[in-house]
Amino acid sequence: MVELARPDSLRSDALRNRSALLEVARQHRDRGEPAQLNAVAREAGVGVGTAYRHFPTQQHLLEALAIDGFEAMLDRVRVAVVLPDPEDAFRGVVTAAFHGMVEDTALGDLLTDGGFSCADTTALAGDLVDEVRALLERASAAGVVRADVGPDDLRRLICGVRTAATAGGVPVPDPERYVDILLAGLRPLRG
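One structure accompanies this document, and this report is about it. (Residues numbered from 1 in each chain as written. Predicted model: local features only at pLDDT ≥ 70, side-chain atom pairs only at ≥ 80, totals over all residues. Heavy atoms only, no water.)

### Observations concerning the state of the cysteines
Okay, step 1: Taken as a whole, this structure holds zero disulfides when the rule is applied.
Okay, step 2: The thiol sulfur of Cys 118 is not disulfide-bonded, and the nearest other cysteine sulfur, from Cys 159, lies at 18 Å.
Okay, step 3: Note on Cys 159: relative accessible area 6%, which makes it buried. (Disulfide = S-S within 2.5 Å. Buried < 20%, exposed > 50% of the residue type's maximum accessible area, 1.4 Å probe, protein only.)

### A look at helix α7 (residues 119-141)
Okay, step 1: The end-to-end C-alpha distance of α7 is 33 Å, a good match for the 33 Å that 23 residues give at a rise of 1.5 Å each.
Okay, step 2: Along α7, the residues classified as buried are Asp 120, Thr 121, Leu 124, Ala 125, Leu 128, Val 132, Leu 135, Leu 136 and Ala 139.
Okay, step 3: Contacts made by the buried residues of α7 are with α4 (58-81), α5 (86-103) and α8 (151-165).
Okay, step 4: Within two residues after α7, Gly 143 carries a phi angle of roughly 80°, on the positive side. (Helix = DSSP H or I, 4+ residues; strand = E, 2+ residues; numbered from the N terminus. Expected span 1.5 Å × (residues − 1). Contact = heavy atoms within 4.5 Å.)

### Some words on the packing of α5 against helix α9 (residues 175-186)
Okay, step 1: For the pair α5 and α9, the least separation of the axes is 10 Å and the interaxial angle reads 135°. Accordingly, the angle class assigned to the pair α5 and α9 is oblique. Like other packed secondary-structure pairs, α5 and α9 cross with a definite hand, here right-handed. Seen from α5, the contacting residues are Phe 90, Arg 91, Val 94, Thr 95, Phe 98 and His 99; seen from α9, they are Pro 175, Glu 176, Val 179, Asp 180, Leu 182, Leu 183 and Leu 186.
Okay, step 2: Taken together, the residues of the contact of α5 with α9 break down into eight nonpolar, two polar and three charged. (Axes fitted to C-alpha atoms, helices over the stretch in contact; angles between N-to-C directions. Parallel < 35°, antiparallel > 145°, perpendicular 65-115°, else oblique. Left-handed = near helix turned anticlockwise from the far one by under 90°. Nonpolar A, V, L, I, M, F, W, Y, C, P; charged D, E, K, R; others polar.)

Rendered as C-alpha cells:
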C-alpha cells in the first residue's frame, strides 16, 4: 500500500480521528514540543493503533502536518516563474519560503530534513525542484543569482537562515534582514 500524507478518501469516523490527531500534533509543535504519536493519540482521544494506522511513522505525521504549506509553496513558485521581473519573482519566493518555514514548523522541519516517505509529498518535492530550477535559470540569466546555485543549494540556504533566525527558540526581531543577507550572498560576484 502506498502511503499518502493526505489520503484520497476516508470514512467519516476515520476522517474525524485523523483530523483530531493532526490538530493535537499541531498544538504540540506550536508549543515547541515533540508530537509523539502515543501522546498525541491519548490527547486526541484516539487509540494508539488508530494513530499508527493513519501515521505509521513520525515522518508520515510530519508530512501530513506540512503538506498544505508545501503545496502553497509550490503554488507560489509556479506563479513566480512566469512573473515579468525575475528579481522580484526570486525575492518573493525566497521571502515567502523563509516566512513559511518559520511560521509552519512542520514545513520547516520537513524541508530541513529533506526526506520524504509519502507518495504525494515525494511528488510535490519533485515538482518543486523543477519549478525552482526554472526560477533559478531565469534569475541567473537576469544576473540576479549566481549560475552555480541549484534548487538543493537554495533549499539548504533558506533552511540555514531559518535556523539562524529562530535559534534558541527566540525569533530575531528583524527577519527581513536575514533574507536580505541571503539574497546578497546569492548574487553573482562582480568584477
